[in-house]
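Descriptive structure summary
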Amino acid sequence: MKYIDEFRDKGLARRLAETIAAEAHPGRDYRLMEFCGGHTHAIFRYGVQHLMPPNLRFIHGPGCPVCVLPMARIDHAIALATQHDVTLCTYGDLMRVPASERRSLLKAKADGADIRMIYSTQDVLRIARENPERQVVFFAIGFETTTPPTAVAVKTARAEGLTNFSVFCNHVLTPSALQTILSTAGPDGVQLDGILGPSHVSTLIGSRPYRFVPERFGVPVVIAGFEPLDVMQSALMLVRQLNEGRCEVENQYTRAVSEEGNRKAQALIEEVFRIRPEFEWRGLGFLPNSALALADAYADLDAEQRFPVEIAPAKEIKGCECPAILRGVKTPTECKLFGNPCTPDNPMGSCMVSSEGACAAYWSYGRFRDAGAASRQPPAASHQPPARG
Ligand code: SF4
């Protein structure tokens, strides 16, 4: 398949692995954070870590929108569906994320709440059109990548006069999370030598917004595609920057990312949303200017204003290490609940539910079992779909 096979080529992977091994200085560490869960899954699915020299380590970042959503927002969504009898629509992976008291949207649905799984914002609009007697709320979630479809849905609802449509907005912004990770790096936080920047997010925001990372924190960034050879080439670009004493933003994912990003989508987002003064992230706390809400011109479509709810303070699952994993200071296997009882069939935390979660990646590809015995075999060609992010 064009644009897939050539980024999973076995011979190229072998040559890249040999080049990285030859160029990585044995006397130093290369601690590279992949911001996106999509990268984490590419690394685990194709065994990329096993192709790296022992002193080059990938550290998993917070780039999974489901994982970083705090439990209070799931509690809030359940309260919307149960306290106001609305039809709540959202994507499949959110349905199973544990809320307080081991509740979830799926359990609330089983108890009778009208909660529906959708595949796109067009599904939500259709449900609103077909059910004019029902209030339909879209539980919107995602980084910058998924924000434009929400904006289009909001504008469509306004144009059609759909007064029974509203949005519970949970869109978050990548640069704020990066800044927090880097501000807390050091002896008590994660130690980082370089960052693999997001793929899909960067198609929208471009490479320019990452300039503060080398300028203020002295950490190089390479924006990386989601295929295994993308990740390996990006790792090599970071190794070269570090070896040569350079510290800049480079773009490996040139087939999709430009410096300025998608201006049309950016203008749409600026029209429909405003930046929240602060927003809570699981593991990172309340971050300033880190999330979006509907702009004043669309405030009548804001579900938080239309349907006030009362919720008790959220109760985190005892023993779940998702917050530390999302900061990059622990790995999933350092959680005592990993594998027993926490598995994708019985998730205790968001990182085991999401298709981009680090715990799900460790479990699904089983590489935690052979962590001490790296095979160093290049990845076989595969036709698995690329990760979303
Ligand atoms: S293994 Fe489960 S309980 Fe442990 S951090 Fe991951 S999601 Fe949380």
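Residues numbered from 1 in each chain as written. Predicted model: local features only at pLDDT ≥ 70, side-chain atom pairs only at ≥ 80, totals over all residues. Heavy atoms only, no water.

Moving on, we come to the site of the ligand. Taken together, Cys320, Glu321, Cys322, Ile325, Cys335, Leu337, Phe338, Cys342, Met348, Gly349, Met352 and Cys359 make up the full set of residues near the ligand. Residue composition of the shell around the ligand, by class: 10 nonpolar, 1 polar and 1 charged. (Near = heavy atom within 4 Å. Nonpolar A, V, L, I, M, F, W, Y, C, P; charged D, E, K, R; others polar.)

This part is about helix α4 (residues 71–83). An ideal rise of 1.5 Å per residue puts 18 Å on 13 residues; α4 measures up with 18 Å between its terminal C-alpha atoms. α4 sits mainly inside the fold: 10 of its 13 residues count as buried. Regarding α4, the residues found buried are Met71, Arg73, Ile74, Asp75, His76, Ala77, Ile78, Ala79, Leu80 and Ala81. Once α4 finishes, aspartate 85 follows within two positions and takes phi at roughly 55 degrees, a positive value. (Helix = DSSP H or I, 4+ residues; strand = E, 2+ residues; numbered from the N terminus. Expected span 1.5 Å × (residues − 1). Buried < 20%, exposed > 50% of the residue type's maximum accessible area, 1.4 Å probe, protein only.)

Across all of its chains, the model carries 8 aromatic pairs by this definition. Taken together, Phe44, Phe338, Tyr362 and Trp363 form an aromatic cluster joined through their ring pairs. The aromatic ring of tyrosine 30 is capped on one face by arginine 28, whose charged end is 4.8 Å from the ring centroid. In this structure, arginine 255 packs its charged tip against the face of phenylalanine 7, placed 3.7 Å from the ring centre. (Phe/Tyr/Trp six-rings, centres within 6.5 Å; stacked < 30°, edge-to-face > 60°. Lys NZ or Arg CZ within 6 Å of the ring centre and 35° of its normal.)

The final tally for this structure, using the stated rule, is 24 salt bridges. A salt bridge links arginine 126 to aspartate 123, with the nearest nitrogen and oxygen atoms 4.0 Å apart. With a gap of 3 residues between them, arginine 126 and aspartate 123 both fall in helix α6 (residues 121–130), about one helical turn apart. Taking relative accessible area as the criterion, aspartate 123 reaches 17% and is therefore assigned buried. A salt bridge links glutamate 160 to arginine 129, with the shortest nitrogen-to-oxygen separation between them at 2.7 Å. One end of the pair, glutamate 160, is in helix α7 (residues 147–160); the other, arginine 129, is in helix α6, and 31 residues separate them in sequence. A residue is classified by how much of its surface remains accessible, and glutamate 160, at 42% relative accessible area, is partly exposed. Looking at arginine 129, the relative accessible area reads 37%, which means it is partly exposed. The network of salt bridges with shared partners includes Asp85, Asp114, Arg116 and Arg134. (Salt bridge = Lys/Arg side-chain N within 4 Å of Asp/Glu carboxyl O.)

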